[in-house]
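Residue strings, one per chain:
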Amino acid sequence: MGEKFKYGDWELSLSPDSHPRTLMVEISTNCNYNCLHCFRNAVPNFKKCNMSYDTLELILRKGMEAGVSKLVLSGWGEPSSNPKMIEMLRTAKELGFTVALNTNGSALEDMAEELVGLGVDEVFVSIDAYDIKLYRDIRKPGDLSKVMRGLKKLLELKIEKGSVKPQVNAIFTITKLNVGEVSRSIELTRDLGISEIRFSNYIHYPGGVDLSCIDDEGCLEKLKGELDLVPLKILEGGVKVVIPNLAPTTYRSCPFFSNRALFIRCDGIVSPCIYYSRNWRTKVLGVERRINEVILGDIKREGLIDIWRKSYKMFFRLYFLRLPSCLDCNLVNYCLITRSNETDCWGNKPSCSHCPYLHGLSYCPL
């Protein structure tokens, strides 16, 4: 029976057949990189762990029971840091899941054959520069040459086996350091077998290096110039390009609820999304905010469909956008309510009103 609640003069209920379709699962919070823009650094006492194979198997079983069809391996760490990752991918594919992997690409050369052989559907590779030195400066101590060798090997194996899988997409996080490489990156992606490149604005956090381009007038103008070149580059290269908003707009959409998705942390805790899965602080468009973790349940103790139904009020607000738009409110620099995600001026608890993913400023790794 659907969950019911009252909204003004209306009595609303969640459809009995409502269920999650996608799970983003964090199989590791370890990482072999120490990227300048990584918001792991904004989490106090950040805990590192690898999810066990048994926990992942439990998630897949409960996911199947709940009607989940897609699995995304991503989170606050590098999935390939988990020594059981290939085994986890194999199990997910054998059970019939559509599977996507979000990676820094450092292990692509070693696992390319398995990714193609298993039929992994998508691979998202974070590449924030195509200059070797700049890449290393941003993604310490990353080796761009090794990532490129992995991408080329992946492409060669796909051609050799006559496979279109995995589709390879690049994620490019725009900062003050790499803004000059935005248009150039499109030129270089086709030869690496990349089908799509998704640009994302850096999410700044207090105490981190001030790399935010959209908060800097000079950098923002340079970025606009780079993006003006994008249509021509698309025609030349044939690569699909996804561009972020450079300021809040009327259109808003939550990637997690649009995809009926939940986020499962390395420890089995379930959150509504990756952004609200931990306690941390952000600084978006000059305003600092405290993000409190939002916990829906524990996959080790509860059924996934039961956990899903706990989010129905958030789901309703996001589906119908029954929430204010904090980022472009004329009181944004003065309002104390918006300084955390605890609540907003419409009484929503918690509030998603200032999430950069909701406003399309940054690309959600879903």
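Residues numbered from 1 in each chain as written. Predicted model: local features only at pLDDT ≥ 70, side-chain atom pairs only at ≥ 80, totals over all residues. Heavy atoms only, no water.

By the naming in an unreviewed UniProt entry, the chain is Radical SAM domain protein, taken from Korarchaeum cryptofilum. UniProt annotates the chain under Cofactor (unreviewed entry) with the comment "[4Fe-4S] cluster". (UniProt positions renumbered as here; feature names shortened; annotations may be inferred.)

A.B. asks: Help me understand empty space enclosed by the protein, please; the structure alone is not making it clear to me.
C.D. replies: Over the atoms, a rolling probe the size of a water molecule traces out where space has been left empty. One pass over the full model with this rule turns up four cavities of 30 Å³ or more. Approximately 600 Å³ is the volume found for the largest cavity. Lining the largest cavity are 28 residues, and of these His-37, Phe-39, Gly-75, Ser-126 and Arg-139 lie nearest its centre. At the level of secondary structure, the elements contributing two or more residues to the lining of the largest cavity comprise strand 6 (98–103), strand 9 (167–174) and strand 10 (194–201). Its residues assigned to classes, the lining of the largest cavity shows 13 nonpolar, 12 polar and three charged. Roughly 110 Å³ of internal volume is contained in the second largest cavity. Forming the boundary of the second largest cavity are 14 residues, of which Cys-254, Cys-273, Leu-318, Cys-352 and Cys-355 lie nearest the centre. Those elements giving two or more residues to the lining of the second largest cavity turn out to be helix 9 (255–258) and helix 11 (312–319). (1 Å grid on protein atoms, 1.4 Å probe; cavity = no way out; pocket = protein on both sides within 12 Å on 5 of 7 lines; lining within 4 Å. Points joined across faces, edges and corners; volume = space filled by probe spheres on them. Helix = DSSP H or I, 4+ residues; strand = E, 2+ residues; numbered from the N terminus. Nonpolar A, V, L, I, M, F, W, Y, C, P; charged D, E, K, R; others polar.)

A.B. asks: Sorry if this is basic, but what is going on with the layout of surface pockets here?
C.D. replies: Counted as a void, the largest pocket has a volume near 490 Å³. In this structure, the largest pocket is lined by 25 residues; those nearest its centre are Pro-255, Tyr-357, Ser-362, Tyr-363 and Cys-364. Those elements giving two or more residues to the lining of the largest pocket turn out to be strand 7 (122–126), strand 10 and helix 9. Here the residues of the lining of the largest pocket sort into 14 nonpolar, seven polar and four charged. As a volume, the second largest pocket reaches approximately 250 Å³. Along its surface, the second largest pocket is lined by Val-43, Pro-44, Asn-45, Phe-46, Lys-47, Cys-49, Arg-265, Cys-266, Asp-267, Arg-278, Asn-279 and Glu-293. Across the lining of the second largest pocket, the residue classes tally to five nonpolar, two polar and five charged.

A.B. asks: So what exactly am I meant to see when it comes to the state of the cysteines here?
C.D. replies: Covalently bonding the sulfur atom of one cysteine to the sulfur atom of another cysteine gives a disulfide. For the coordinates displayed, the defined rule picks out two disulfides. Sulfur-sulfur distance for the disulfide between Cys-49 and Cys-266 comes to 2.2 Å. With Cys-49 in the loop between strand 4 (34–35) and helix 1 (53–66) and Cys-266 in the loop between strand 12 (261–264) and strand 13 (269–271), the pair connects residues that are 217 residues apart, well separated along the chain. Look at Cys-266 and you get buried, because its relative accessible area is 5%. (Disulfide = S-S within 2.5 Å. Buried < 20%, exposed > 50% of the residue type's maximum accessible area, 1.4 Å probe, protein only.)

A.B. asks: Help me out: how do you make sense of the sheet that holds strand 5 (residues 70–73) in this one?
C.D. replies: Sheets are built from strands paired through backbone hydrogen bonds, the pairs being either parallel or antiparallel. Pairing is mixed across the open sheet formed by 10 strands, whose spatial order is 11-10-9-7-6-5-3-12-13-16. The sheet is open, and its two borders are formed by strand 11 (240–242) and strand 16 (297–298), each paired with just one other strand. Strand direction decides the pairing type here: strand 6 and strand 7, joined by four bridges, are parallel. By the bridge assignment for strand 7, Leu-101 is matched with Val-123. Lying over the sheet, helix 1 contacts strand 3 (22–25), strand 5 and strand 12, oriented at roughly 170° with respect to strand 3. In the packing of helix 5 (residues 144–161) onto the sheet, the strands contacted are strand 7, strand 9 and strand 10, and the crossing angle to strand 9 comes to about 155°. (Pairing = 2+ DSSP bridges. Contact = heavy atoms within 4.5 Å. Axes fitted to C-alpha atoms, helices over the stretch in contact; angles between N-to-C directions.)

A.B. asks: Help me understand the nonpolar core in this model?
C.D. replies: Generally speaking, soluble globular proteins have nonpolar side chains that are buried together. Counting residues in each nonpolar core, the largest one holds 114 residues, and the members touching the most others are Phe-256 and Tyr-275. With six residues, helix 3 (residues 108–118) is the single largest residue contributor to this core. In contact with Tyr-275, other than residues within four places in its own chain, are Ile-203, Trp-280, Thr-282, Val-284, Ile-291, Cys-355, Pro-356 and Tyr-357. (Core = buried A, V, L, I, M, F, W, Y, C linked by side-chain atoms within 4.5 Å.)

A.B. asks: Explain the packing of aromatic side chains to me, please; I cannot follow it from the model alone.
C.D. replies: Per the counting criterion, the structure on display carries 15 aromatic pairs. Ring centres of Tyr-275 and Tyr-276 lie 5.4 Å apart, and the angle between their planes is 40°; this geometry places the pair in the tilted category. For the pair formed by Tyr-275 and Tyr-276, the shared burial category is buried. The structure contains a cluster of three or more aromatic residues connected by ring pairs, namely Phe-39, Phe-46, Trp-76, Tyr-275, Tyr-276, Trp-280 and Tyr-357. (Phe/Tyr/Trp six-rings, centres within 6.5 Å; stacked < 30°, edge-to-face > 60°.)

A.B. asks: Please explain the pairing of strand 3 as it appears in this structure.
C.D. replies: Successive side chains on a regular strand alternate, one facing one side of the sheet and the next facing the other. Covered by surrounding structure in strand 3 are Thr-22 and Met-24 together with Leu-23 and Val-25, the residues of both alternating faces. Strand direction decides the pairing type here: strand 3 and strand 5, joined by four bridges, are parallel. Its bridge partner being in strand 5, Val-25 is matched across the sheet by Leu-73. Pairing of strand 3 with strand 12 involves four bridges; the strand directions are parallel.

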